[in-house]
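Close look at the chain arrangement
Next come the chains, spelled out residue by residue.
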Amino acid sequence: MQARTQRFTLGTPRGFQVAPDGSRVLFLRSNSGEDRVHCLWRLDLATGEETRLADPAELLGGDEELSDVERARRERSRQQAGGVVGNATDAEVRIAVFSLSGKVFVTDAITGDTRDLSTATPVVDPRPDPTGTQVAYVADHALRVVGVDGTGDRVLAEPGGEDEAYGLAEFIAAEEMGRSRGFWWSPDGTRLLVAHTDRSAVQRWHISDPADPSAAPRTVAYPAAGTSNVDVRLVVLGLDGTRVEVDWDRIALPYLASVHWSASGPPVITVQSRDQKVMRFLAVDPDSGATSLVREDTDVHWVEIVPGTPAWTAAGDLVTVSAMDGAYRLMIGDEPATPTSLQVRSVLDVGEDVLFTASEADPTQVHVYRAGEGEPVRLSTVDGVHSAARGGEVTVLTSWSMDRSGPDVRVLGTERTVRSSAVTPPLEPEVITLTLGERGLRAALLFPRGHQRGSRKLPVLLDPYGGPHAQRVLSTRNAYLTPQWFADQGFAVLVVDGRGAPGRGPAWDREIAHALADVTLTDQVDALHAAAEEFEDLDLSTVAIRGWSFGGYLAALAVLRRPDVFHAAIAGAPVTDQRLYDTHYTERYLGHPDEHPEVYEANSLLGLAGSLERPLMIIHGLVDDNVVVAHALRLSGALVKAGKPHTMLPLSGVTHMTPHDEEAAVNFLRLQVSWLNNALRLN
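Residues numbered from 1 in each chain as written. Predicted model: local features only at pLDDT ≥ 70, side-chain atom pairs only at ≥ 80, totals over all residues. Heavy atoms only, no water.

**Let's talk about the overall build of the protein**
Counting its secondary structure elements, the protein contains 11 helices and 44 strands. By the compact-globule yardstick of 26 Å for 683 residues, the protein fits well, its C-alpha radius of gyration being 25 Å. Along the longest, intermediate and shortest principal axes, the C-alpha atoms of the protein span 70 × 55 × 55 Å. When burial is assessed residue by residue, the protein has 59% of its 683 residues classed as buried. Within the protein, contacts between residues separated by at least 24 positions form 59% of all contacts whose residues are at least 6 apart in sequence. A gap of 4 Å separates the mean positions of the 63 positive and 93 negative side-chain charges of the protein. (Helix = DSSP H or I, 4+ residues; strand = E, 2+ residues; numbered from the N terminus. Rg over C-alpha atoms; globule rule 2.2 N^0.38 Å. Buried < 20%, exposed > 50% of the residue type's maximum accessible area, 1.4 Å probe, protein only. Contact = heavy atoms within 4.5 Å. Lys, Arg positive; Asp, Glu negative; His and termini not counted. Charge placed at Lys NZ, Arg CZ, Asp CG, Glu CD.)

Below, the structure is given as structure tokens:
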């Protein structure tokens, strides 16, 4: 059922867009908790009525077909659902635009009329201008524009060769920076800021699935650590045919992290140095292309990119988030608007004031706040993980908590709610939340349901992500469904967030600098021992660890470095050779490989192959274009060369996301349990 429901997320509403006049809210939701196809819906705030505006089943009359570019976009966002997975609106939230099977569809949010436009295909990322009269989109790597009535389709910018593109986010931006867009409309809808990318200098890798030898390998431009990145430029394109190049020091600051263009100020771009120790917010003159410095942040390790920043307030102050006085603080202009007790996570909306998310003393909780004059006001009132969307005076709050499965979605200040159609999970996690050791590591411990404390010793399964920029220990019930399932197979499951996990502040994050392996593994070991001191049920003579992506790296590292603690490991999609992973992520934490070769050696797994003493299963998707299967194969090869037996499980047709075919996903979990039982001699 977990696979059929996509971890019980299908049927939950998301992607809220609020009309500034307070009349309606648009959102996405599938028709049931087992339907992968998302539809576009409208909530009428006057009546509370929900109306389905666009149903792909009716619009297409068949299955959706995706282009290679669209598949890549969805892979970067880990999007496994189908249908209307994203849409864009005009400023009044009157016109909603989206793509299906490479075509542009336009929905009138008031009448509900939906029509497809006759355009070049396949379409990627269609977006209306703020006035709702034109739609810009990308097709065949060219930026095009068409009227919302379907007239006047034309090219605004066409690439000069197969390595160039207009209006698309490059791999690094989408995978690591959180920037999925490549063009931005001006407030009056007459011009666009457009990214022009050139990947000609980037090395080529070839991704193939040996299970289908008749299929040609897919060639990708992959910027591995220490190698060349995509060259990114910006141009201002007018609908009248004008073109202005944006000028900034792209040699010193090659990374384009974000772009913001609103009526409250000039366009502002965020650019980073390659070592990410310098970040500048630059105002752009769209007439000349000249840029001027608005703010600069520096750090001896790296400067974080914070979602939703920068942005202008209605009064013309720039909103950013800076590491200051031991906290990530919201800045309005040059003044901090939040106390050091808050760790700001993201900016959600900027107008007269600022809507944002932050964690306070408990990093497992994320709350929604409003900041302006005076102290910030917390809008979310119950424990949990919250987010929000706002338009005008209306705020839609989405809340996940330990008290329920699925989200609670409410329109603040009203009785209006948005229905969730998600399936209720057949199990309710029994979570013991912990704060462990001298560093106060946040952890969750799960026993088999019905287990009586102190009645017997249980084998222990650590189930971490364990790396930066992700959390597993959160105050939401749905986060523990898979750990509880593993616990019910007879394990005491321990989930630990170590140093680098968000919500604890800049110093906490930066303790992993140049020491990913040492710090993250130490935290897992320390948390395990601290938990065992509190709970005699944990059998430290039978300890396993499993993980995916960074968690897979950490699992393999655990049995290679600490066989005295860990007795078996399942490493899914692990980064085994740090030089094979991408520039922006790897160089942020380990530096440039040419400058710090010893750091790369110390944090890679290949040199540890000869030390393997415990059972190790390596799992990898053969068509993974993020952590390519070469990682697993190189580790396996090094283990063979060292004469170290291990298990290698290749997954045909699987990318960096775990299998989502229902039968395969169920058996995938069962296989892991069977292997763990054998490896730990529990049978």
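**A word on the nonpolar core**
Judged by nonpolar contacts, the single largest core of 83 residues is most densely connected at L445, L462, L494, L538, F566 and L616. Per-element accounting of this core gives the leading share, 10 residues, to helix α6 (residues 516-534). Excluding residues that lie within four positions of it along the chain, L445 makes contacts with E430, V431, I432, L434, A492, V493, L494, F535 and L538. One finds V473, F486, I570 and A679 within the second-largest nonpolar core, a separate group that totals 27 residues. (Core = buried A, V, L, I, M, F, W, Y, C linked by side-chain atoms within 4.5 Å.)

**What to know about the sheet that holds strand β22 (residues 268-272)**
Ordered by their spatial adjacency, 4 strands build an open sheet running β21-β22-β23-β24, and the pairing between neighbours is antiparallel. Both edges of this open sheet fall to β21 (255-260) and β24 (291-298), since each of them pairs with a single strand only. Strand-to-strand twist of the sheet, defined as the mean angle between neighbouring strand axes without regard to direction, takes the value 20°. Note that β22 and strand β23 (residues 278-284) share 5 bridges and pair antiparallel. Each residue of the ladder has a partner; that of T270, found in β23, is F281. (Pairing = 2+ DSSP bridges. Axes fitted to C-alpha atoms, helices over the stretch in contact; angles between N-to-C directions.)

**Remarks on the pattern of salt bridges**
Pairing between side chains of opposite charge can happen when their charged atoms approach one another. Counted under the stated rule, the structure contains 37 salt bridges. A salt bridge links R144 to D153, with the nearest nitrogen and oxygen atoms 3.2 Å apart. Overall, D153 belongs to the partly exposed group, its relative accessible area being 26%. Here E170 makes a salt bridge to R179, at a shortest N to O gap of 3.0 Å. R179 shares its class with E170; the two are buried. Here the salt bridges do not stand alone but share partners, grouping E438, R439, R499, E511, D523 and D526 into one network. (Salt bridge = Lys/Arg side-chain N within 4 Å of Asp/Glu carboxyl O.)

**Details of the sheet that holds strand β27 (residues 327-332)**
The strand order β25-β26-β27-β28 describes an open sheet built from 4 strands, whose pairing is antiparallel. In this open sheet, the two strands that pair with only one neighbour each are β25 (311-312) and β28 (335-336). One ladder, built from 6 bridges, connects strand β26 (residues 318-324) with β27; its direction is antiparallel. Counterpart to M324 in the pairing with β27 is A327.

**As for the packing of aromatic side chains**
A full pass over the atoms with the stated rule returns 14 aromatic pairs. Consider the rings of F98 and F105, whose centres lie 5.8 Å apart with planes at 5°: the pair is stacked. Classification of F98 by relative accessible area gives buried; the value is 1%. When the ring of Y585 is compared with that of Y589, the centres are 5.0 Å apart and the planes differ by 75°; the resulting orientation is edge-to-face. With a gap of 4 residues between them, Y585 and Y589 both fall in helix α8 (residues 583-590), about one helical turn apart. Among the aromatic side chains, those forming a connected cluster through ring pairs are W302, Y581, Y585 and Y589. (Phe/Tyr/Trp six-rings, centres within 6.5 Å; stacked < 30°, edge-to-face > 60°.)

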